[in-house]
Amino acid sequence: MIDLDPPDPWRIASPEPGGPIAVAVELRCPRVRDHGAARLLHAALHAHWQVGHDQQSPYALSLPRPADPHLWLICLRAELLRRLPERVRIGRDTVDLSPGLRAILRARPQRPAGEHRALVRTLAPLVLRQSHSGVVGSHRRALQEEPVSLVGSLLQVGLRLGLDVRSSDLVADVVSHQLRRVAERDEDGLRVGGHWQVGDRRGRIGCLEGWLAVRCNAPARWLLDAAELVGLGSKTALGFGRVQVEAA
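Source: prediction; values computed, not measured.

So, how was this worked out
- Residues numbered from 1 in each chain as written.
- Predicted model: local features only at pLDDT ≥ 70, side-chain atom pairs only at ≥ 80, totals over all residues.
- Heavy atoms only, no water.
- Pairing = 2+ DSSP bridges.
- Helix = DSSP H or I, 4+ residues; strand = E, 2+ residues; numbered from the N terminus.
- Axes fitted to C-alpha atoms, helices over the stretch in contact; angles between N-to-C directions.
- Contact = heavy atoms within 4.5 Å.
- Expected span 1.5 Å × (residues − 1).
- Buried < 20%, exposed > 50% of the residue type's maximum accessible area, 1.4 Å probe, protein only.

S.K.: Just checking my understanding: could you explain the sheet that holds strand 13 (residues 207-216) for this structure?
M.R.: In a beta sheet, neighbouring strands are held together by backbone hydrogen bonds and run either parallel or antiparallel to one another. Read from one edge to the other, the open sheet built from four strands follows the order 10-13-7-14, with strand pairing classed as antiparallel. Two strands bound the open sheet, and with one partner strand each, they are strand 10 (172-182) and strand 14 (243-247). Neighbour-to-neighbour, the strand axes of the sheet open up by a mean angle of 15°, direction not taken into account. Here strand 7 (residues 116-122) pairs with strand 13 via six bridges, running antiparallel. Residue pairing for strand 13: Leu119 is matched across the bridge by Ala213. Contacts from helix 4 (residues 218-230) reach strand 7, strand 10, strand 13 and strand 14, with the element oriented near 140° to strand 14.

Have a look at this one:
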């Protein structure tokens, strides 16, 4: 029998923790320090792992920061790390990945049913709510500068984690935000090269940075917790979408 009366999303508790959700490995790879180099590493790993571009990204990249000078590779499928190459071809050069420390990323505690408030701060620029520009065969995308909901992005987090999450189970409304568009500034490392075009010009990605105040239910809050570990939005495999989530 088909359930024509779905449950009230405000009365749904979050999933119970099911153990590790990802594994992270530190890479001492000085060559990969911006989004353009991350795109080349993304392509090299896709080719090595033979993971199709039409599949959900099985990994994320956390680019170096002053407090942490190393690149972190976050794999949502642990078997990929067992096939991590010692060196890859990036551009015209062959570079060593030199894997170092490993960390197991575990799911956060279960969130009780009810209303939750969260503040999402960007640690790396976000790419959210992309849509086709209407040109057939074009790689151009339009970026929504004022997101009204994070449901679509959290559904992608759930898919990456292999969870059966429905949009009807999620509430994640952006009640206020302070975001700015980042698209043209070369010094911010937003040149990615190649055929990518999300924003204004070919080879660049338009992004958002700042903060979002979110009103959400328990499953959405739990997925925001997971996004703090594995990234939020699109292009996480190119170093985008690292966030900090805290109670508001």
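After that view, the rundown keeps rolling.
S.K.: Looking at this structure, I do not really get helix 1 (residues 35-49). What am I missing?
M.R.: One full turn of an α-helix is made of 3.6 residues, so residues set three or four places apart face in the same direction. The end-to-end C-alpha distance of helix 1 is 20 Å, a good match for the 21 Å that 15 residues give at a rise of 1.5 Å each. Buried residues dominate helix 1, accounting for 11 of its 15 residues. All buried positions along helix 1 are accounted for by His35, Gly36, Ala37, Ala38, Arg39, Leu41, His42, Ala44, Leu45, His46 and Trp49. Each element contacted by the buried residues of helix 1 is listed here: strand 2 (59-62), strand 3 (71-75), helix 2 (78-81) and strand 4 (87-90).

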